[in-house]
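So you can see what is in the structure, the chains are spelled out below.
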Protein chains: 2
Amino acid sequence: MREGPDIARIASLVGDPARANMLNALMGGTALTASELALEAGVSLPTASSHLGKLMEGGLLTVASQGRHRYYGLAGPQVAGMIEAITGVAEAVGPKRVRPGPRDGAMRVARVCYDHLAGEQAVTMLDRLVAKNVLVRDEQEIRLGPSAASHFAAIGIDVYTKPRRPVCRACLDWSVRRSHLAGTLGAAILDKILAEKWARREKDSRAVIFSPPGRQAFERVFLT
Amino acid sequence: MREGPDIARIASLVGDPARANMLNALMGGTALTASELALEAGVSLPTASSHLGKLMEGGLLTVASQGRHRYYGLAGPQVAGMIEAITGVAEAVGPKRVRPGPRDGAMRVARVCYDHLAGEQAVTMLDRLVAKNVLVRDEQEIRLGPSAASHFAAIGIDVYTKPRRPVCRACLDWSVRRSHLAGTLGAAILDKILAEKWARREKDSRAVIFSPPGRQAFERVFLT
DNA sequence: AGGATGCTTCGATGAGGAACGAACCATGCG
DNA sequence: CGCATGGTTCGTTCCTCATCGAAGCATCCT
């Protein structure tokens, strides 16, 4: 009967199937409207609205009103990290699929995590950036190296747009068990990848599929 | 309505207050009996037994029968990591205490995480071990360095007892946001600290309090 | 203005599940 | 062998909370 942060409150929010589906959908990174989330969760609009209210009150979601639309999104990287942690346990504990399907393979290679790239490809990218000293890593902390500004400017990414979020952040990859790059820089890189059409998002999934020339371009820019 | 690992199932297990209290208690690292957990959760024995059954079925707990006692413990480091992640969000989102209490301070400095030491002290310890090249760090992966065996043997810790769990593992510290040492080595070090009576466990808390001479001894052995 | 769309609030219904007492196994002790 | 102690199972009660239809706001379009 001890006190402490109300973990049960948070967990029970995620514990409802409808809400879990919504959060899962929002792990794609793009903010979604209430009706989209209702569809995603398989419930009626009033029900979804009620759930969204609870998630808001619990601090897991943020909302941005644009006209008559209300765009809901995850409250931050920490929430996204928690979801990935729970997903990891569910993966490990759940019915072991003997043979991972093709989509699982794609997810393992490259997927969207909240607003940045995750998967093997993202992990090797971070490795290279650190090896090239573009980024400097100290445990979980990642900072910009001396050549970072010019390096990213050449690609068309401005690392100096000052947000409230950290520019760099390490995010643990549940499939590879190593870190990839999160933060605004991670988000900007994902934007770049999609804007240049090097890769496309798999519909209704967090998987990211690179086209052959897109992959080459990506490797040339980030892995050399 | 998409498929995937059943995150709602896992989260709802943690989402019940009674079960959350039990899991929290087990974060102390020591396995507890059903009646102890019932007391901890503030429910009757039958209720506790039912909850424990569900947690077992969910794969979050393991049990060891010893005589007429049944000792329940967390299923593994991954589960412990998930709980810490949820705790972190609950911390961040919950009612911001304007002034952190004294116990919070102690928790920030040194606490037990499942079966190893966490907090500022644990983080600096890992830093030093890596700096001295006793441990070699590559992202989330931590391996033994060349001098590890002799170094730990001198302290009375055998790093070669081969378990099913990894010897070294990085575990993210929610208070400091950097990694500390988990795995069997992390557990062995915590054992050492308590066996040497350098520190004692705060009753009914995960806080670890070092005595002044104990702290000196700890620093001499691990931080020099 | 009038109508259409997106979303929230209200109220009623229903099901899942948390709780406990009582009875039932298992182990240890004298 | 009885008796106590630690745990689980069973059955019942009760309450929370998810769900949806209908009605109510708000915003945009023409």
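Residues numbered from 1 in each chain as written. Chains lettered and ligands numbered in written order. Predicted model: local features only at pLDDT ≥ 70, side-chain atom pairs only at ≥ 80, totals over all residues. Heavy atoms only, no water.

## A look at the protein's contact with DNA strand C
At step 1: Among the 21 residues in the neighbourhood of DNA strand C, the closest are listed as Ser35, Ser49 and Tyr72 of chain A together with His51 and Lys54 of chain B.
At step 2: Protein-adjacent atoms of DNA strand C, using a 4 Å cutoff, are sugar or phosphate at a proportion of 74%.
At step 3: With respect to DNA strand C, the side chain of Asp16 of chain B contributes an N or O atom lying 3.5 Å from a sugar or linking oxygen.
At step 4: In this structure, a phosphate oxygen belonging to DNA strand C sits 3.0 Å away from a side-chain N or O atom of Thr47 of chain B.
At step 5: For the surface near DNA strand C, the secondary-structure elements that each account for two or more residues are helix H3 (34-41), helix H4 (45-57) and strand E3 (69-74) of chain A together with helix H2 (17-26) and helix H4 (45-57) of chain B. (Near = heavy atom within 4 Å. Polar contact = N/O pair within 3.5 Å; in protein donor to acceptor, adjacent residues only side chain to side chain. Helix = DSSP H or I, 4+ residues; strand = E, 2+ residues; numbered from the N terminus.)

## Focus: the pattern of salt bridges
At step 1: By the definition in use, this model includes 10 salt bridges over all chains.
At step 2: Arg111 of chain B is paired through a salt bridge with Glu84 of chain B; the nearest N and O atoms lie 3.6 Å apart. In this pair, Arg111 of chain B is assigned in strand E4 (residues 111-113) and Glu84 of chain B in helix H5 (residues 77-93), connecting sequence segments 27 residues apart. Each member of the pair, Arg111 of chain B together with Glu84 of chain B, is buried.
At step 3: The network of salt bridges with common partners includes Glu84, Arg111 and Arg206 of chain A. (Salt bridge = Lys/Arg side-chain N within 4 Å of Asp/Glu carboxyl O. Buried < 20%, exposed > 50% of the residue type's maximum accessible area, 1.4 Å probe, protein only.)

## Description of the nonpolar core
At step 1: In terms of nonpolar packing, the biggest core is built from 72 residues, with Leu60, Leu61 and Leu74 of chain A together with Leu60, Leu61 and Leu74 of chain B touching the most fellow members.
At step 2: Non-local contacts of Leu60 of chain A, meaning those with residues more than four positions away in its chain, are made with Ile10, Leu13, Val14, Leu55, Gly73, Leu74, Ala75 and Val79 of chain A together with Val89 of chain B.
At step 3: Formed by 31 residues, the second largest nonpolar core is a distinct cluster that contains Ala110, Val134, Ala148 and Phe222 of chain A. (Core = buried A, V, L, I, M, F, W, Y, C linked by side-chain atoms within 4.5 Å. Contact = heavy atoms within 4.5 Å.)

## Some details on the confidence of the model for chain A
At step 1: Across chain A, the average pLDDT comes to 86, with 90% of residues at or above 70.
At step 2: Looking across chain A, the model is least confident in strand E8 (residues 169-172) of chain A, with a mean pLDDT of 74, and most confident in helix H1 (residues 7-15) of chain A, with 96. (pLDDT = per-residue confidence, 0-100.)

## Looking at the relation of the copies chain A and chain B
At step 1: Superposing chain A onto chain B requires a rotation of 180 degrees together with a translation of 0.1 Å along the rotation axis, leaving an RMSD of 0.1 Å. Both copies are brought into coincidence by an operation consistent with a two-fold rotation axis.
At step 2: Residue by residue, 100% of the interface of chain A is reproduced at the interface of chain B, so both copies engage with the same surface. (Least-squares fit on C-alpha atoms with pLDDT ≥ 70 in both.)

## What to know about the environment of Gln121 of chain B
Residue and element names in this part refer to chain B.
At step 1: Residue placement: Gln121 occurs in helix H7 (residues 120-131).
At step 2: Here the alpha-carbon distance between Gln121 and Arg108, two residues 13 residues apart in the chain, equals 8.8 Å.
At step 3: Other than its neighbours up to four places away in sequence, Gln121 contacts Val109, Ala110, Phe210, Arg215 and Phe218.

## A look at the domain arrangement of chain A
Residues and elements named next belong to chain A.
At step 1: Under the domain assignment, chain A is made up of domain 1 (7-75) and domain 2 (86-222).
At step 2: Carbon and sulfur atoms make up 54% of the area that domain 1 and domain 2 hide from each other, which totals about 580 Å².
At step 3: If you sort the residues of domain 1 by the area they bury against domain 2, Met27, Gly28 and Leu74 come out on top, with a joint share of 60%.
At step 4: Inspection of the region where domain 1 meets domain 2 yields 0 salt bridges. (Domains from an automatic or database assignment. Buried area = accessible area lost by both parts, 1.4 Å probe.)

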